[in-house]
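A structural walkthrough
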Amino acid sequence: IMEQLHYLGLSDNDFTGNLPSEWTTMKHLRYIELNHNQLAGPLPLDWHLDDYISLATGKALGNIANSLERLDLSHQRGLNENNDRGLTGPIPSFSGAKSLRRLDLSSNSFSGPLSQKFLYGIDPEMFEVAVLESNQISGVFELLDDSPLLLQKGGDQEIELGPLNGSIRLGNNRISDVETSLCPQPMNQGGMVAVDECDVVLCHPGTYSAFTGRANLPSYPCTACQGNYTNAIYWGSFSCNHEEENDIATVSADLSTSSLSEKDALLYIFDVCTGEKWTHNDGWIDNDTDSMHCTWYG
């Protein structure tokens, strides 16, 4: 099957059914974009991109793990009344995906705990973000102590930051706890006052942050639920009413009607587009004055 293909873009169609395992034989494939379709079912074994071994031959199975840089399977859920779940089953560790830069599996129905070996094989200098928001992932969020996601290069030394700045986005799931070793120590971020340590990973139960489920910048802290709206029982809530949280249309409607200032809107774009990894991001997080945001460059 087209073994020399580098880019497969089939987004925004009405494709249904399961992902074909045969596609993983395209060993030069770098980009797969299948978002906004109606795909369903669990990911086939060949899509797991783990370092797994064939029981029949004792050799590593050939797949696209060494070449794939971007995989987008987001937004398969809720596009029509016949497919209200999208992709299901556990999220693979993708531990063999050595070239992966961006992974988006948001707005599906993946469930179960996240593997401690999640993205264990990635290059921390190349990797940008894994978006896993709006699924049914449960359990404790924890990673192996030597996970490359816990290291960010800083000059000649490695600075232990954890999945800070949204490297793993787990908001709007069913996370029961966050391993404290993933939470960075209190620090000054770009000249601004640091937010609560674990809030930069996921908001505590009983609090929320619209659209992200975490305090991504001091301008977007986690907010305590008030009055009768106290159903934010999991880490990383988008709102205080968990019954509405799996309805991504509700969250989108809230965003369209919210009155963000120009500065807050730019900071939101900076966050969702992983601005901290842009080639140029002059001024975006260097100051906190409303009069200066018109000079930001990126």
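What you see is a predicted model; the values in this text were computed from it and never measured.

What counts and what doesn't
- Residues numbered from 1 in each chain as written.
- Predicted model: local features only at pLDDT ≥ 70, side-chain atom pairs only at ≥ 80, totals over all residues.
- Heavy atoms only, no water.
- Pairing = 2+ DSSP bridges.
- Helix = DSSP H or I, 4+ residues; strand = E, 2+ residues; numbered from the N terminus.
- Buried < 20%, exposed > 50% of the residue type's maximum accessible area, 1.4 Å probe, protein only.
- Contact = heavy atoms within 4.5 Å.
- Core = buried A, V, L, I, M, F, W, Y, C linked by side-chain atoms within 4.5 Å.

On to the sheet that holds strand β7 (residues 87-89). In space, the five strands of this open sheet follow the order β5-β7-β9-β11-β15, with parallel pairing throughout. With partners counted over all chains shown, the strands left at the sheet margins are β5 (41-42) and β15 (174-178), one partner each. The pairing of strand β11 (residues 136-141) with β15 spans four bridges and is parallel. Residue pairing across strands places F141 opposite V178, the latter belonging to β15.

Looking now at the side chain of S99. Tracing the backbone through its elements, the reader meets S99 in the loop between β7 and β8 (102-104). A relative accessible area of 17% means that S99 is categorised as buried. Aside from chain neighbours lying at most four places away, what touches S99 is A65, N66, S67, L68, E69 and M126.

Our focus in this paragraph is the nonpolar core. Grouped together as the largest cluster of nonpolar side chains are 46 residues, with contacts concentrated most on F94, F118 and F141. Residue assignment for this core shows that the elements contributing at least two residues are β11 and β15. F118 has contacts with I91, P92, S93, F94, L103, A130, L132, L143, L149 and I168, leaving out every residue within four places of it along the chain.

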